[in-house]
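# A look at the structure
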Amino acid sequence: MSKNDKLALRFLSFPKDFTYNELKTLLLSLGYMEIQGAGSRVCFAKEDHKIKLHKPHPENILKCYQLDLVAKELKNKGLI
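Residues numbered from 1 in each chain as written. Predicted model: local features only at pLDDT ≥ 70, side-chain atom pairs only at ≥ 80, totals over all residues. Heavy atoms only, no water.

### Structural notes on the overall build of the protein chain
What the protein chain contains, in helices and strands, is three helices and three strands. Expected size for 80 residues packed as a compact globule is a radius of gyration near 12 Å; at 12 Å, the protein chain falls within 12% of this value. Overall, the C-alpha framework of the protein chain stretches about 35 × 30 × 20 Å when taken along its three principal axes. Counting over 80 residues, the protein chain shows a buried share of 34%. For the protein chain, contacts bridging at least 24 residues in sequence account for 39% of all contacts bridging at least 6. On the protein chain, roughly 5200 Å² of surface is accessible, and the fraction owed to carbon and sulfur atoms is 54%. Treating the 14 positive side-chain charges of the protein chain as one cloud and the 9 negative ones as another, the clouds have centres 2 Å apart. (Helix = DSSP H or I, 4+ residues; strand = E, 2+ residues; numbered from the N terminus. Rg over C-alpha atoms; globule rule 2.2 N^0.38 Å. Buried < 20%, exposed > 50% of the residue type's maximum accessible area, 1.4 Å probe, protein only. Contact = heavy atoms within 4.5 Å. Areas by Shrake-Rupley, 256 points an atom, 1.4 Å probe, with all protein chains shown as cover. Lys, Arg positive; Asp, Glu negative; His and termini not counted. Charge placed at Lys NZ, Arg CZ, Asp CG, Glu CD.)

### Section: the packing of aromatic side chains
Within this structure, the stated rule accounts for three aromatic pairs. Look at Phe 11 and Phe 14: their rings are 6.3 Å apart centre to centre, the planes differ by 35 degrees, and that puts the pair in the tilted class. Residue Phe 11 is classed as buried on the basis of its relative accessible area of 0%. Residue classification places Phe 14 among the partly exposed positions, given a relative accessible area of 35%. Seen in terms of ring centroids, Tyr 20 and Phe 44 are 6.2 Å apart; in terms of plane orientation they differ by 45 degrees. Their pairing is tilted. Of the two residues, Tyr 20 sits in helix H2 (residues 20-29) while Phe 44 sits in strand E2 (residues 41-46), which places them 24 residues apart along the sequence. Take Tyr 20 and Phe 44: they sit in the same class, and that class is buried. Ring-pair connections join several aromatic residues into one group, and the members of that group are Phe 11, Phe 14 and Phe 18. (Phe/Tyr/Trp six-rings, centres within 6.5 Å; stacked < 30°, edge-to-face > 60°.)

### Examining the side chain of Gln 66
One can find Gln 66 in helix H3 (residues 64-76). If we skip the residues at most four places from it in the chain, Gln 66 touches Leu 53 and His 54.

### Comments concerning the sheet that holds E2
Across the sheet, which stays open at both edges, the three strands sit in the order E1-E2-E3 with antiparallel pairing between neighbours. Pairing within the sheet leaves two strands with one partner each, and these edge strands are strand E1 (33-36) and strand E3 (49-54). With strand direction ignored, the average angle separating the axes of adjacent strands in the sheet is 25 degrees. Where E1 and E2 come together, four bridges link them in antiparallel fashion. (Pairing = 2+ DSSP bridges. Axes fitted to C-alpha atoms, helices over the stretch in contact; angles between N-to-C directions.)

### As for H2
For an α-helix, the turn length of 3.6 residues means that residues three or four places apart are oriented alike. What H2 keeps buried is the set Tyr 20, Glu 22, Leu 23, Leu 26 and Leu 27. Buried residues in H2, looked at end-on, bunch into an arc of 160 degrees, giving them a common side. Looking at the packing, one finds that the buried side of H2 touches helix H1 (3-12), E1, E2, E3 and H3. The first or second residue beyond H2 is Gly 31, which carries a positive phi of 100 degrees. (Arc of directions from axis to C-beta.)

Take a look at the structure:
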């Protein structure tokens with residue numbers, strides 16, 4: 001099992017300590033590009049599909065609703 005597979009399994013378990021950096025690594029491994037927005041806004045784009053988020057701050061831990069949003073988007077696209 002690759003590191004990216006392990007990261008995807010960790011993501012799907014909806015851990016309370018999943019970081020923005022882990023999410024970025026996961027999405028980049030799935031072919032997304034990170035596009036910086038204004039302030040803490042960020043967009044991950046792949047072809048015609050976009051995932052828009054706010055970077056967590058001051059800590060790096062994502063909120064549960066953010067994990068849920070990304071998981072639904074990735075499942076709808078058949079990526080996980």
